[in-house]
Amino acid sequence: MREAQVFVGVLGASSFTFAEATWSQSLPDWIGSHVRMVEYFQGVSEMTIPDNLGSGVAKACRYEPDVNPTYQEWATHYGTAVLPTRPRAPRDKAKVEAGVQMAERWILAPLRNHTFFSLAELNREIRRLREELNDRPFQKLDGSRRSLFESLERPALKPLPTERYEYAEWRKARVNIDYHIAVENHFYSVPHRFVRKQVEVRLAASTLEVFHDGQRVAAHARSHRRGGFTTDPSHRPKAHREHLEWPPSRLIRWAEKTGPHTASVITRLLEDKPHPEQGYRPSLGILRLGERYSKERLEAACHRALTIGGISYRSIKSILEHDLDRLPLEEQATLELPQRHENVRGPEYYSTNN
């Protein structure tokens, strides 16, 4: 058993109603329902008035609500203005409140005793009942929601844009000293001049775009490889002349202040990467472990990491977290069978003479 959510949208003049079921009230479902709603209306209204659902409104406020960036991008794409209702003010969206009641009465109630085996199957029935609701004659007015929509409201709607809105999420990130940002455990490069600056990231299904002060500064094909790097060669400083503040030798000198084993770990990290800059982030992470656990313990942890071949930030952090650096290093003993033992059968046992 799985519960579904019902999204309801209503036009202001005709009460022409859109309804569909989604699995959740999350941002992808929320935006997807908005896209299908305007396509069903075959046009866009001047204003879109939602309630204060967290997916659409990042911060509710009576006077100046903060709209989610993805929701705002959807509104910009379709040329509508999002005007969220005030918190706990159902009269601000009286039309849709009435539309929800009508949907409950004429769509959900007839389906209450039905069992559905997929969301698509449920939505097929919702679409059928939705059409019946929009064609149902008014009790006190001439015509129906559909006839009033066709004659009064449809001509007033803005036309749909030529391209459908592509869902994307917006996030913030800070450019590290290796001129990469971390997004969902993958690292993407940006021009080196933005090192240490905060940028905005637009995540679409197949692309990732980076913006600074509203200007796009980088674009990459999106990758889901955890721990991988996507680097545009043009983002690297020319011959590293503009990046001399962070040469590998500087990190190694810092490591030598802790001890020779720490320096060996940092050197190995920088040498094992295709570009030395890709080793900056884990190297700094290892050196900062010395501030948390002490330089003496970090040196002992690096000694153990070199011995067992676990040269990585995660390995050294795990050694420190589990106090393995405090244990003496022991050489692995070679497992040898005893020559004589009461439970060991020698070759004589299989001799034909016995």
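Refer to the structure printed above.
Residues numbered from 1 in each chain as written. Predicted model: local features only at pLDDT ≥ 70, side-chain atom pairs only at ≥ 80, totals over all residues. Heavy atoms only, no water.

Chemist: Help me understand the overall build of the protein, please; the structure alone is not making it clear to me.
Modeler: When its secondary structure is counted, the protein shows 10 helices and 13 strands. Per-residue burial over the protein gives 40% buried out of 354 residues. Partitioning the contacts of the protein with sequence separation of at least 6, the portion at a separation of at least 24 is 58%. Per element, the accessible surface of the protein, about 21,800 Å² overall, is 49% carbon and sulfur. (Helix = DSSP H or I, 4+ residues; strand = E, 2+ residues; numbered from the N terminus. Buried < 20%, exposed > 50% of the residue type's maximum accessible area, 1.4 Å probe, protein only. Contact = heavy atoms within 4.5 Å. Areas by Shrake-Rupley, 256 points an atom, 1.4 Å probe, with all protein chains shown as cover.)

Chemist: Mind showing me how you'd approach the pairing of strand 9 (residues 186-189) here?
Modeler: Remark: a regular strand shows side chains that alternate across the two faces of the sheet. Burial of the side chains of strand 9 extends over both faces: His186 and Tyr188 are buried on one face and Phe187 and Ser189 on the other. In the sheet, strand 8 (residues 180-183) pairs with strand 9 via 4 bridges, with the strands oriented antiparallel. For Ala182, the partnering residue across the bridge sits in strand 9 and is Phe187. The loop that links strand 8 with its antiparallel partner strand 9 comprises 2 residues; one of these, Glu184, has a positive phi angle of about 50°. Across 2 bridges, the pairing between strand 9 and strand 13 (residues 229-230) is parallel. Paired with Phe187 across the strands is Phe229, a residue of strand 13. (Pairing = 2+ DSSP bridges.)

Chemist: Looking at this model, I keep getting lost on the pattern of salt bridges. Mind explaining?
Modeler: Opposite charge on two side chains allows them to pair when their charged atoms are near. Overall, the coordinates contain 19 salt bridges when judged by the stated rule. Its salt-bridge partner being Arg216, residue Glu209 comes within 2.8 Å of it at the nearest N-O pair. Shared partners join several salt bridges into a network, and the residues in it are Glu73, Arg202, Glu209 and Arg216. (Salt bridge = Lys/Arg side-chain N within 4 Å of Asp/Glu carboxyl O.)

Chemist: Hey, could you run me through the nonpolar core in this one?
Modeler: In globular proteins that are soluble, nonpolar side chains generally tend to be buried together. Counting 23 residues, the largest nonpolar core has Trp30, Ile31, Phe41, Tyr71, Trp74 and Tyr78 as its most contacted members. Looking at which element gives the most residues to this core, the answer is helix 1 (residues 27-41), with 8 residues. (Core = buried A, V, L, I, M, F, W, Y, C linked by side-chain atoms within 4.5 Å.)

Chemist: Before we go on, may I ask you to explain the sheet that holds strand 10 (residues 198-204) in this structure?
Modeler: Two pairing modes exist for strands in a sheet, parallel and antiparallel, and in both the strands are linked by backbone hydrogen bonds. Taken in spatial order, the 4 strands make up an open sheet running 7-10-11-12, and their pairing is antiparallel. With partners counted over all chains shown, the strands left at the sheet margins are strand 7 (168-174) and strand 12 (215-221), one partner each. Shown here is a sheet whose adjacent strand axes are inclined to one another by a mean of 25°, direction ignored. Bridge count between strand 11 (residues 207-212) and strand 12: 6 bridges; the pairing is antiparallel. Of the residues in strand 12, the one forming a bridge with Phe211 is Arg216. On the sheet, helix 2 (residues 69-78) packs against strand 7 and strand 10 and is oriented at approximately 130° with respect to strand 7. (Axes fitted to C-alpha atoms, helices over the stretch in contact; angles between N-to-C directions.)

Chemist: When you look at the side chain of Thr48 in this model, what are you seeing that I'm missing?
Modeler: Here Thr48 shows up in strand 3 (residues 47-48). In this structure Thr48 touches His34, Tyr71, Trp74, Thr80, Ala81, Val82 and Leu83, once residues within four positions along its chain are discounted.

Chemist: Would you mind going over the sheet that holds strand 13 with me for this structure?
Modeler: A sheet is described by the order of its strands in space; here 3 strands give the open sequence 8-9-13, paired in mixed fashion. Of all strands in the sheet, those with a lone pairing partner are strand 8 and strand 13, marking the two edges.

Chemist: How should the packing of aromatic side chains be read in this particular structure?
Modeler: Given two aromatic rings, their pairing is described by the distance between the two centres and the angle made by the two planes. Applying the stated criterion across every chain, the model contains 12 aromatic pairs. Here the aromatic rings of Phe16 and Tyr40 are separated by 5.4 Å at their centres, their planes lie at 0°, and the arrangement is stacked. Here Phe16 is found in the loop between strand 1 (5-10) and strand 2 (17-22), whereas its partner Tyr40 is found in helix 1, with 24 residues between them in sequence. Across this residue pair, the class does not change: Phe16 and Tyr40 are buried. Look at Trp74 and Tyr78: their rings are 5.4 Å apart centre to centre, the planes differ by 50°, and that puts the pair in the tilted class. Linking Trp74 with Tyr78, this pair stays in helix 2, spanning 4 residues, or about one helical turn. Using a relative accessible area of 0% as the deciding quantity, one classes Trp74 as buried. Following the ring pairs from residue to residue traces out a cluster consisting of Phe7, Phe16, Phe18, Trp30, Tyr40, Phe41, Tyr71, Trp74, Tyr78 and Phe149. Above the face of the Trp23 ring, Arg2 is positioned so that its terminal group lies 3.9 Å from the ring centre. (Phe/Tyr/Trp six-rings, centres within 6.5 Å; stacked < 30°, edge-to-face > 60°. Lys NZ or Arg CZ within 6 Å of the ring centre and 35° of its normal.)

Chemist: Please explain unusual backbone geometry as it appears in this structure.
Modeler: Excluding glycine, most residues fall at negative phi; most peptide bonds, likewise, are trans. Of note, the phi angle at Tyr179 is positive, near 50°, even though the residue is not glycine. Along the polypeptide, Tyr179 turns up in the loop between strand 7 and strand 8. A positive phi is found at Asp323, a non-glycine position, where the angle reads about 55°. Mapping Asp323 onto the fold places it in the segment after helix 10 (313-321). By relative accessible area, which is 36% here, Asp323 ends up partly exposed.

Such coordinate-based values are descriptive only and should not be taken to indicate function.
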